[in-house]
Amino acid sequence: MSLYDRIPNNVNLSEDTRLQRALEKWLPDFLDWWRQMGPDGFQENEVYLRTAVSVEPSGWAHFDYVKMPDYRWGIFLTPPEPEAKIGFGDNYGRPAYQEVPGEFRNALRRLIVTQADTEPASVEQQRQLGHTCPSLYDLRNLFQVNVEEGRHLMAMVYLLHRHFGRDGREEADELLQRRSGNPDRPRILQAFNQPCDSWLDYFCFTMFTDRDGKYQLSALAESGFEPLRRTCRFMLTEEAHHMFVGETGLERVIKRTAQLMKKAKDGDVRELGAIPFDILQKYINYWYASSLDLFGGEISSNSADFFAAGLKGRYREEELEKDHIAIEGVLNLAVVEGNLISHREVPLRNALNEVLRGEYAKDNERGLARWNKVLEEEGLTERLYLPSTRFYRRVGEYAGHYFDIHGNLISQSEFEELATEWLPTPQDREVVRNLMTPVTEPGKIANWIAPPRTGINRQPFDFEYVRL
Ligand SMILES: [Fe+2]
Ligand SMILES: [Fe+2]
């Protein structure tokens, strides 16, 4: 059986010899990359994983024990809509592009490669976490996210191989050559070069950074380039689980801290082995700010071009009531002028990154509200919050300026004085790292986190999610 026979797909792979040839060369490299840069250890263990075997509701979540290198990474697009139209921009209402339009070839390739690059990057960032898992349930969820990011990479590589010819193949090769955090060949976006070396980082990553992924995919899922639209729609079904891991993971950490706080003398939970709220808040600040950067500059001619061309839309563009052309509106944006924050009206098309970032911020607020509800239920007055979207930004209008947590402009020296109250210090990271000792007995869990409400696929928490 050749390698590509192993790939579940709904793209007629068995009849596409050109695509087979491209994949035959790429797949062994992908598997080499997985063994080198995928989860460290555990490659020979059986993991209770879900695999997508078709796009029908009955087929996209098939559960079974599988060794990770044997995972069946598939290529799936949601079913075609032959009548599909371009849903926004200058070509609004014209038939959707089934092939890459020549004039947008570079722009489209860039969009696809930028998205694709984040998929293997996150696997690389998370590769050591298995060794410090708080439970088998969490270990399994980590690996589930990892194999699905591998599948997302494959989904994007399919588009490059199928629609971009030789330069597509070269891009696909380079996706396996860049490395997260490597000074010579880094991943494209900065948040994907940062270390993610504790489970607290991991839960923040899946909460905030995977959620950026949701919004980028949602905007691409509106694309007038049909194959991209259909690919991203299917990826979104998997992305939901990644954010579930982050949101409920942090919720369980918060719950545990709250419980131990009530037992602790003077409310200091460090002694009892929990993660204090001030450290939690700093991790939230840090990962939220890094993830906000992923949306790009507030004022962006690229976003305007992508929109005009019908390549990248707005969040749920299809459901927006009117004005899919977005040529008339403006967005009122806070900008820094001299030593002051002032306001500028930006043509809507140039502010689409900011519009998408706004949707993302609202989504996160919902998550924060749920966490604060847990604190309320536990009878505590502590509350967690999201910092201002201007805080600690390194991309866009606010980069190079200093803001406090509320978004007030401050001086560099004020910022440096207060930064240890807002961002994780080396000591904070040490506190967190010291708690990260592995728990791998079925049904047991580390002290710093509460067990989940339910298991995976209706299995109990003490199910043997990974056979060690
Ligand atoms: Fe992904
Ligand atoms: Fe993801």
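Here, every reference points to the structure presented above.
Reading the values: the criteria
- Chains are numbered independently. Their residues run from 1 in the order of the written sequence.
- The order in which chains are written sets their letters, starting at A; the order in which ligands are written sets their numbers, starting at 1.
- Only residues with pLDDT of 70 or above have their local features reported here, since the model is predicted, and side-chain atom pairs are shown and tallied only from 80 upward, although totals for entire chains, interfaces and linings are computed over all residues.
- As a rule here, side-chain values come from all non-hydrogen atoms in the structure, and water together with hydrogens is ignored.
- Helical segments are the DSSP runs of H or I of at least four residues, strand segments are the runs of E of at least two, and each set is numbered from the N terminus.
- Each radius of gyration is computed over the set of C-alpha atoms, and the globule rule expresses the reference value as 2.2 Å times the number of residues to the power 0.38.
- For every residue, the accessible area obtained with a 1.4 Å probe (protein chains only) is divided by the maximum for its type, and the residue is called buried under 20%, exposed over 50%, and partly exposed between those limits.
- The contact criterion used throughout is that any non-hydrogen atoms of two residues lie within 4.5 Å.
- Areas reported as accessible are Shrake-Rupley estimates using a 1.4 Å probe. Residue values count occlusion only from the protein chains shown.
- Asp and Glu count as negative and Lys and Arg as positive, but His and the ends of the chain are not part of the count.
- Charge coordinates come from a single atom per side chain, which is NZ of Lys, CZ of Arg, CG of Asp or CD of Glu.
- Because no water is among the atoms considered, metal sites can look incomplete, with donors defined as N, O and S atoms within 2.8 Å of the metal, or 3.2 Å for Na, K and Ca.
- Here the metal geometry follows the donor angles, with tetrahedral for four donors whose angles all fall between 85 and 135 degrees, square planar for four and octahedral for six when opposite donors are more than 155 degrees apart and every other angle is between 65 and 115, and irregular for all the rest.
- The criterion for strand pairing is that DSSP finds at least two bridges linking the strands in question.
- Every axis corresponds to a line fitted to the C-alpha atoms, with the helix fit spanning only the stretch in contact, and the corresponding angles, defined between N-to-C directions, vary from 0 to 180 degrees.
- Roughly parallel refers to an angle under 35 degrees, roughly antiparallel to one over 145, roughly perpendicular to one between 65 and 115, and oblique to any angle outside these ranges.
- Definitions for this section: a left-handed crossing has its near helix turned counterclockwise from the far helix by less than a right angle. A right-handed crossing has that turn clockwise.
- In the scheme used here, Gly and all other residues not listed as nonpolar or charged are polar, with Ala, Val, Leu, Ile, Met, Phe, Trp, Tyr, Cys and Pro taken as nonpolar and Asp, Glu, Lys and Arg as charged.
- To define a nonpolar core, start from buried Ala, Val, Leu, Ile, Met, Phe, Trp, Tyr and Cys residues and group those joined through side-chain atoms within 4.5 Å.
- Salt-bridge detection follows one rule: a side-chain nitrogen of Lys or Arg within 4 Å of a carboxyl oxygen of Asp or Glu.
- Two rings belonging to Phe, Tyr or Trp (six-membered ring only in the last case) form a pair when the distance between their centres is within 6.5 Å. Interplanar angles under 30 degrees mark stacking, angles over 60 mark edge-to-face geometry, and anything in between is tilted.
- Look at NZ for Lys and CZ for Arg. If either is within 6 Å of the ring centre and within 35 degrees of the ring normal, a charge sits over the ring.

> I would appreciate a short explanation of the overall build of the chain in the present structure.
A tally of regular secondary structure across the chain gives eleven helices and seven strands. Taken over C-alpha atoms, the radius of gyration comes to 23 Å for the chain, in line with the 23 Å a tight globule of 468 residues would show. By its C-alpha atoms, the chain is 65 × 60 × 45 Å across when sized along the principal axes. In the chain, which comprises 468 residues, the share counted as buried stands at 59%. Once local pairs closer than 6 in sequence are excluded, the contacts in the chain between residues at least 24 apart make up 72%. Here the chain has roughly 19,900 Å² of accessible surface; of this, 47% comes from carbon and sulfur atoms. Across the chain, the centroid of the 57 positively charged side chains sits 3 Å from that of the 73 negatively charged ones.

> What is the right way to read the coordination of the iron ion (ligand 2) from this model?
Between any two of four tetrahedral donors, the ideal angle at the metal is 109.5 degrees; between two of six octahedral donors, it is 90 or 180 degrees. Taken together, the protein ligands of the iron ion (ligand 2) are Glu-149 (OE), Asp-210 (OD), Glu-239 (OE) and His-242 (ND1), with distances of 2.0 to 2.2 Å. Coordination at the iron ion (ligand 2) is irregular: its four donor atoms span angles of 85 to 170 degrees at the metal. Within one chain, the residues serving as donors to the iron ion (ligand 2) are arranged as E-x60-D-x28-E-x2-H. Taken as an interatomic distance, the gap from the iron ion (ligand 2) to the iron ion (ligand 1) is 3.4 Å; Glu-149 donates to each of them. Taken together, the residues span a long stretch of sequence, with Asp-210 in helix 5 (residues 199–220) and Glu-239 in helix 6 (residues 226–263) at a distance of 29 residues.

> Looking at this model, I keep getting lost on the sheet that holds strand 2 (residues 62–67). Mind explaining?
Either a parallel or an antiparallel arrangement is found when strands of a sheet pair, and the pairing is made through backbone hydrogen bonds. Spatially, three strands are ordered 2-1-7 in an open sheet, and the strand pairing comes out antiparallel. Looking at which strands have only one partner, the edges of the open sheet turn out to be strand 2 and strand 7 (466–467). When strand 1 (residues 46–51) meets strand 7, the two strands line up antiparallel, connected through two bridges. Within the sheet, the bridge partner assigned to Val-47 lies in strand 7 and is Val-466. Across the sheet, helix 3 (residues 136–163) touches strand 1, strand 2 and strand 7, and the angle it forms with strand 1 is around 50 degrees.

> What's the story with the coordination of the iron ion (ligand 1) in this structure? I'm lost.
Looking at the iron ion (ligand 1), one finds its protein donor set to be Glu-119 (OE), Glu-149 (OE) and His-152 (ND1), positioned 2.0 to 2.2 Å from the metal centre. Binding-site remark: the iron ion (ligand 1) is held by donors from one chain whose sequence spacing is E-x29-E-x2-H.

> I would appreciate a short explanation of the packing of helix 3 against helix 6 in the present structure.
Packed helix pairs are specified by the crossing angle of their axes together with the interaxial distance, meaning the distance between the axes. Where helix 3 contacts helix 6, the two axes come as close as 11 Å, and the packing angle between them is 160 degrees. Here helix 3 is positioned roughly antiparallel relative to helix 6, judged by the angle of their axes. As helix 3 packs across helix 6, the resulting crossing turns out to be left-handed. The class makeup of the residues in the contact of helix 3 with helix 6 is twelve nonpolar, seven polar and eight charged.

> Before we go on, may I ask you to explain the nonpolar core in this structure?
The nonpolar side chains of a soluble globular protein tend to be buried with one another. Counting residues in hydrophobic clusters, the biggest one holds 129 residues, and the most contacted among them are Trp-26, Phe-208 and Trp-448. In terms of residues, this core owes the most to one element, helix 3, which gives 15 residues. If sequence neighbours within four positions are ignored, Trp-448 has contacts with Pro-134, Trp-199, Phe-203, Val-253, Arg-256, Gly-273, Ala-274, Ile-275, Leu-435 and Met-436. In this structure, Ala-334, Val-335, Ala-351 and Tyr-398 belong to the second largest nonpolar core, which totals eight residues.

> What should I look at first to understand the environment of Ile-299 in this one?
Along the chain, Ile-299 turns up in the loop between helix 7 (277–293) and helix 8 (301–308). On the basis of relative accessible area, Ile-299 is assigned to the partly exposed category, the value being 32%. With 114 residues separating them in the primary sequence, Ile-299 and Ser-413 have C-alpha atoms 28 Å apart. With sequence-adjacent residues up to four places away left out, Ile-299 is seen in contact with Leu-333, Arg-344, Val-346, Asn-350 and Glu-397.

> What should I look at first to understand unusual backbone geometry in this one?
The phi angle of most residues is negative, glycine excepted, and most peptide bonds adopt the trans form. Unlike most non-glycine residues, Tyr-392 shows phi in positive territory, near 55 degrees. As for its placement among the helices and strands, Tyr-392 is situated in the loop between helix 9 (352–377) and strand 5 (402–403). Classification of Tyr-392 as partly exposed rests on a relative accessible area of 23%. Even without glycine at this site, Arg-458 takes up a positive phi of about 60 degrees. Among the secondary structure elements, Arg-458 is positioned in the loop between helix 11 (426–435) and strand 7.

> Is there a simple way to think about the pattern of salt bridges in this case?
Between side chains of opposite charge, a pair can form as their charged atoms come close. Throughout the structure, instances matching the rule amount to 42 salt bridges. For Lys-67, the salt bridge is made with Glu-44, and the minimal N-O distance between the two is 3.9 Å. With Lys-67 in strand 2 and Glu-44 in the loop between helix 1 (17–37) and strand 1, this pair connects stretches of sequence that are 23 residues apart. Of the charged contacts in the structure, one is a salt bridge between Lys-373 and Glu-377, with a shortest N-O distance of 3.5 Å. Taken together, the residues span about one helical turn, with Lys-373 and Glu-377 both in helix 9 at a distance of four residues. Owing to a relative accessible area of 58%, Glu-377 belongs among the exposed residues under this scheme.

> Can you walk me through the packing of aromatic side chains in this structure?
The geometry of an aromatic ring pair is captured by two quantities: the separation of the ring centres and the angle between the planes. With the rule as written, the count across this model stands at 37 aromatic pairs. Ring-pair connections join several aromatic residues into one group, and the members of that group are Phe-192, Phe-205, Tyr-286, Trp-287, Phe-391, Tyr-392, Tyr-402, Phe-415 and Trp-422. It is Arg-390 that lies over the ring of Tyr-398; its NZ or CZ is 5.9 Å from the centre. The positively charged end of Arg-429 is found above the aromatic ring belonging to Tyr-286, 5.2 Å away from the centroid.

> Would you mind showing me how to read the side chain of Glu-149 here?
Topologically, Glu-149 is positioned in helix 3. Buried and unpaired, Glu-149 has Arg-151 as its nearest opposite-charge partner, separated by 8.8 Å. With near-sequence residues (within four places) excluded, Glu-149 lies in contact with Glu-119, Ser-122, Val-123, Asp-210, Glu-239 and His-242.

> Is there a simple way to explain the environment of Asn-91 in this structure?
One can find Asn-91 in the loop between strand 2 and helix 2 (105–125). In this structure Asn-91 comes out as buried when scored by relative accessible area, which is 15%. Here the alpha-carbon distance between Asn-91 and Thr-437, two residues 346 residues apart in the chain, equals 55 Å. Dropping the residues within four chain positions of it, Asn-91 is found in contact with Ile-86, Tyr-97, Phe-104, Ala-308 and Ala-309.

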